[in-house]
Structures are given as structure tokens and as C-alpha cells.
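What follows is the residue order along each chain.
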Amino acid sequence: MREIRADYDDQSIVVYQAYSPSIAGPAVAAQRFVPPFKTERMTWIKPSFLWMMYRCGYARKEGQERVLAVRITREGFDWAVAHAVESTIGGKPSVRVQWDPERGLDHEALPHRSIQIGLTREAVQKYVHEWTIGITDVTALAHAVHEKVRQRDLDGARALLPVERPYGTTTAQNA
């Protein structure tokens, strides 16, 4: 089952990315992506906090030591989903989508699939210059959740997680 779960409100949605400090620091300071972030490369956004924790090892993997919560417009997110092409299909679309097993606190695969959206060319330009509303460094949260998991305080870890609920657009659910 495919399911987009996210922290969102009427105007915006939070997506997560992990970067090295050299990219994350300037992005947080500027509240938008600035060099050394490269708009020429594909960038993957993930609305699932726990999937991001799986991908970056709770902000412990090299080059992914800082986790950013990027608040973007829902209009932008919906545009990306509507223009997405499955990663398994060839060609050079500006938006790719992958549905991977959602992850739990111990990185275990859960029975539903979570979306990852790859942005390049036109899409990454829109992401950087039009869609991004704000950027928050949530590395300390990633570390706090991980510490609770390591202590086997799973209820405590769950209590720290961002509230994510099913994302409610028809376009997004059909991607």
C-alpha cells in the first residue's frame, strides 16, 4: 500500500533532507538553499521523518550529519507529485518518484510504502526559488529520537516524532 504521510497544514508540507554541515549550515542561515548546494544535481525530498532517519542513520552517516525539515508550499509539492515519473521508467523527467517500504524506529520495514521525490532541472529550480518557505535544522531531534531508541524507550521515542498524517490530495495518492 502506498501512503503519503506528512506534517502539513493548509498551505505547506514538511519534507526532510540530510546534508553535510557545509550545505546545511548556509541553507539554515539563508532560509533557502544556497551554494554549495548544487541545483544542477538531483535532490531527493522525503515527507516521512522515519524514512529520513533510516536513510541518514539518525544523522550519523558521513555527508548526512545534519537533517533539515524543509517547509514547502503544498502547491509546489502537489506540482511535483503530479509531474512525477516512476524511477523505473527511462527518460529524463524533472521529477522522479520512488515508493519504498516505510520504516519504523529500528529501521524495520513497515507494511506500507512511503514516497521519495527526486527533483532535477525545472523542478529543483522551483523547489529552491519558489516552493521553500523555511528550513529548520532538526538534527538534535534526530539524535534525541535515536538515543531513546538505543535506550529501548520506544514510547519516549514515538513521543518525540513529528505528527504525520495521511496527506489528502487525490493527485498525491495516485502518483
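Shown above is the structure to which this text applies.
Residues numbered from 1 in each chain as written. Predicted model: local features only at pLDDT ≥ 70, side-chain atom pairs only at ≥ 80, totals over all residues. Heavy atoms only, no water.

Draft legend 1. Here's a closer look at the sheet that holds strand β2 (residues 12-19). Read across the sheet, 3 strands follow the order β2-β4-β8 without closing on themselves; strand pairing throughout is antiparallel. Unpaired on one side and paired on the other, β2 and β8 (132-137) mark the two borders of the sheet. Across this sheet, the average inter-strand angle for adjacent strands is 25°, counted without regard to direction. Across 8 bridges, β2 lies against strand β4 (residues 66-73) in antiparallel orientation. Its bridge partner being in β4, Ser 12 is matched across the sheet by Thr 73. Its contacts with the sheet place helix α1 (residues 21-30) against β2, β4 and β8, and it is angled at close to 40° to β4. Relative to β2, helix α2 (residues 49-56) is tilted by about 10°, and along the sheet it contacts β2 and β4. (Pairing = 2+ DSSP bridges. Helix = DSSP H or I, 4+ residues; strand = E, 2+ residues; numbered from the N terminus. Axes fitted to C-alpha atoms, helices over the stretch in contact; angles between N-to-C directions. Contact = heavy atoms within 4.5 Å.)

Draft legend 2. Region of interest: the pattern of salt bridges. Considering all chains together, one arrives at 10 salt bridges under this definition. Between Arg 71 and Asp 9 there is a salt bridge; the shortest N-O distance is 3.8 Å. Pair noted here: Arg 71 is in strand β4 and Asp 9 is in the loop between β1 (5-6) and β2, with a separation of 62 residues, a long-range link. Across the pair Arg 66 and Asp 137 runs a salt bridge whose closest N-O atoms are separated by 2.5 Å. Taken together, the residues span a long stretch of sequence, with Arg 66 in strand β4 and Asp 137 in strand β8 at a distance of 71 residues. Among the residues examined, Asp 137 registers a relative accessible area of 28% and is labelled partly exposed. (Salt bridge = Lys/Arg side-chain N within 4 Å of Asp/Glu carboxyl O. Buried < 20%, exposed > 50% of the residue type's maximum accessible area, 1.4 Å probe, protein only.)

Draft legend 3. Expanded view of the pairing of strand β7 (residues 109-119). Looking at chain direction, strand β3 (residues 43-45) and β7 are connected through 3 bridges and run antiparallel. Bridge pairing links Thr 43 to Leu 119 in β7. Inspection of the sheet shows strand β6 (residues 95-103) paired to β7 by 8 bridges, in the antiparallel sense. In the strand pairing of β7, Val 97 is matched with Ile 117. Hairpin connection from β6 to β7: 5 residues lie between these consecutive antiparallel strands, with His 107 at a positive phi of about 70°.

Draft legend 4. Broad picture of the layout of surface pockets. For the largest pocket, the calculated volume is near 480 Å³. Counting residues per element, the ones that place at least two in the lining of the largest pocket are β2, β3 and α2. Looking at the lining of the largest pocket element by element, the count peaks at 3 residues for β2. Tallied by class, the residues present in the lining of the largest pocket amount to 8 nonpolar, 7 polar and 4 charged. (1 Å grid on protein atoms, 1.4 Å probe; cavity = no way out; pocket = protein on both sides within 12 Å on 5 of 7 lines; lining within 4 Å. Points joined across faces, edges and corners; volume = space filled by probe spheres on them. Nonpolar A, V, L, I, M, F, W, Y, C, P; charged D, E, K, R; others polar.)

Draft legend 5. Molecular detail of the packing of aromatic side chains. For the coordinates displayed, the defined rule picks out 9 aromatic pairs. When the centroid spacing of 6.0 Å and the interplanar angle of 75° are considered together, the rings of Tyr 19 and Phe 37 count as edge-to-face. Here Tyr 19 is found in strand β2, whereas its partner Phe 37 is found in the loop between α1 and β3, with 18 residues between them in sequence. The buried category is assigned to Phe 37, whose relative accessible area is 8%. Pairwise contacts between aromatic rings join Tyr 19, Phe 33, Phe 37 and Tyr 127 into one cluster. Taking the ring centre of Tyr 54 as reference, the NZ or CZ of Arg 103 above it sits at 3.9 Å. (Phe/Tyr/Trp six-rings, centres within 6.5 Å; stacked < 30°, edge-to-face > 60°. Lys NZ or Arg CZ within 6 Å of the ring centre and 35° of its normal.)

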